[in-house]
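Results of the structural survey
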Amino acid sequence: MLTEFSIKNFAIIDELSIHFQKGLTVLTGETGAGKSIIIDALGLLIGGRGSVEFVRHGEKKAELEGLFIIDDTTHPIYQKTEELGIEIMEDHMLVLHRTISHTGKSICRLNGKLITLGILKEIGQSIMDIHSQHETQTLLDKEKHIELLDYFHETTHPSFKKDYQKLYSQWLQLKNKYEANNKNEQELAQRIDLFEFQLKEIQNADLQPLEDVLLTNERNELNHFHTIHQNLNDAYNALHGEQKGLDWLSHASNNLEEAGEHNKEIQSMHEQFVNHYFLIEELSYQIRHHLDQMDYEPARIEIIESRLNEIDQLKRKYGTSVEEIMTYSAKIEEELEEIKNRDQHLSNLAATLNALANDLLIEAKELHTIRNKAAKKLEKAVLSELNDLYLEKTKFRVDINYVKSEKGISLDGFKVSPHKNGINQVKFLISTNPGEPVKELGKIASGGEMSRIMLALKNIFSKHQGITSVIFDEVDTGVSGRVAQSMAEKIYNISFGSQVLCITHLPQVASIADTHLRIEKVIKKERTHTTIKELSFEERIDEIGKMITGAELTDTSRTHAKELIEMNHKKR
């Protein structure tokens, strides 16, 4: 849920911080006070299209920040943030931040880490859904209807697509491989020529593992040969010879040995000293050996430089290290083998692909059967919701068809095109007038009917989409009376599974809310500002009373408002 939302220099809002509660929160106020501006700001916070027009006049940037609490650790947001390498904060906190400059540039952050606008949109819309009277939503997008139907079914069968999707992933990977191998002869000939040239070039170089590292080290040693030789020689001379390091250490050992004859602690010290003495003596022999092995060959530097230059030439083409070049060589050698034995290889791939396609179709047909059964249950659920909203004569149908394609897989005399969710296309069709045929949701004309249909669908799907916050921006426009009361109850029901924020002009909706915020526009120093206040019980009565009369507050409207609040409180 959204717990804190901060707005700075956005439209007519200079600075505003809003604390949101669980359940249903309504926002009311006069037209132009800034209610929809707050919703616009939320839309931008979750990845909506920005504009310089949103930046408050005279300011360089607008800033939006929202704090979300995602208690459900199984929510997809946890997997997504893990993929991005972003840690969700303590107490399951997620902070989205967006800055829009006066030049139009957007900067997006998630828990302080920079992210792209695309990622912000993906994450934001997985936790918040904004619905307004005129905005195209997921529910109107027929491409999303199959996912919504599946969400509906998944509440009781959470992994029903698991086997299909596993097979689909394997089939798609093999299909792409088959198509890549089944290219025209000219292109294959060109690939063979290229791979053979590259392979010959790499093999002629006769690379050895870590050769570039070893040669670089050797070149460095030769370039500093005299310095290394001098330092090793000085180190050896400092240890060996009369009155040198080892001589003095030997003298110290004799003294400790003599003292240890009279003290056990000193005797132990002597034993440790002797052990270290032998280690230093052994190291001195190693220094001497290294000195004896050192041999300066000026010609060797030229050989190394030439070899490293040859390796660098290969690195520019095939990898950043000898290991990467050798890996690439093995890869193209394998590809060459597959291309040269293309016919047999394609035949094997085709056989495997056909077998996998048959298994995929079995699973896809099972999904088709499951969806048809789920569709019947969804139709009943939607019609029940619509009946409560006084659309009892409405027809609602879930239309399930196959996705057909000439290049697809054969199924019962026709060809289908598999996708990640199966071989089906799902559409929600509706008719609100008796005798009229069912049509796609987006083709319904009446605003009031559309509001009720959207609300009915959201009341069902909000439980299945994982959305933690649902925003309604004046979706109750065009309704009144008993329909308004029914819509209020539906909106409140959604708040059981998701936090709901609702801009409303209906007293029925305002009176059923858990929290009531009033938005006001004030003039300070000849500039417009937006303020927000959480209303007390008495203040709610006055605000709802004004909503009832549409004019000045009266004793009658106050009494009616109080009764409305108390009635809805009992219903809750």
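Calculation rules
- Residues numbered from 1 in each chain as written.
- Predicted model: local features only at pLDDT ≥ 70, side-chain atom pairs only at ≥ 80, totals over all residues.
- Heavy atoms only, no water.
- Axes fitted to C-alpha atoms, helices over the stretch in contact; angles between N-to-C directions.
- Helix = DSSP H or I, 4+ residues; strand = E, 2+ residues; numbered from the N terminus.
- Parallel < 35°, antiparallel > 145°, perpendicular 65-115°, else oblique.
- Left-handed = near helix turned anticlockwise from the far one by under 90°.
- Nonpolar A, V, L, I, M, F, W, Y, C, P; charged D, E, K, R; others polar.
- Core = buried A, V, L, I, M, F, W, Y, C linked by side-chain atoms within 4.5 Å.
- Buried < 20%, exposed > 50% of the residue type's maximum accessible area, 1.4 Å probe, protein only.
- Contact = heavy atoms within 4.5 Å.
- Expected span 1.5 Å × (residues − 1).
- Arc of directions from axis to C-beta.

Quick look at the packing of helix H5 (residues 162–181) against helix H13 (residues 342–388) now. Running from N to C, H5 and H13 point in directions that differ by 155°, and their axes come no closer than 9 Å. In terms of orientation, H5 lies roughly antiparallel with respect to H13. Here H5 runs over H13; the crossing is left-handed. Here the contact of H5 with H13 is built from residues that sort into 15 nonpolar, four polar and six charged.

Time to look at the nonpolar core. Residues Leu 24, Leu 378, Val 398, Phe 428 and Phe 472 are the most contacted members of the largest nonpolar core, which totals 52 residues. For this core, the leading source of residues is helix H14 (residues 447–461), giving eight residues. Among the nonpolar cores identified, the runner-up in size contains 44 residues, and Ile 7, Ile 39, Ile 130 and Ile 471 belong to it.

Looking at where Thr 531 falls in the secondary structure, it is placed in strand E17 (residues 527–534). A C-alpha to C-alpha distance of 8.6 Å links Thr 531 and Gly 34, two positions 497 residues apart in sequence. With residues near it in sequence (within four places) discarded, Thr 531 still touches Leu 16, Arg 518, Ile 519, Glu 520 and Val 522.

This brings us to helix H9 (residues 245–260). Note: α-helices contain 3.6 residues per turn, so residues at a spacing of three or four share the same orientation. The end-to-end C-alpha distance of H9, which contains 16 residues, comes to 22 Å, matching closely the 22 Å that a straight helix rising 1.5 Å per residue would cover. Looking only at H9, the buried set comprises Leu 246, Ser 253 and Gly 260. The buried residues of H9 all sit within an arc of 45° when viewed along its axis, so they share a single face. Buried positions along H9 lie against helix H8 (225–239) and helix H10 (264–293).

Turning to the packing of helix H7 (residues 211–223) against helix H11 (residues 298–318), a few remarks are in order. The contact between H7 and H11 brings their axes to 10 Å, and the two run at 145°. Seen from above, H7 lies across H11 with left-handed handedness. Each of Glu 211, Asp 212, Leu 215, Thr 216, Glu 218, Arg 219, Leu 222 and Asn 223 in H7 lies in contact with H11, whose residues at this interface are Arg 300, Ile 301, Ile 304, Glu 305, Arg 307, Leu 308, Ile 311 and Lys 315. When the residues that make up the contact of H7 with H11 are grouped by side-chain class, the tally is six nonpolar, two polar and eight charged.

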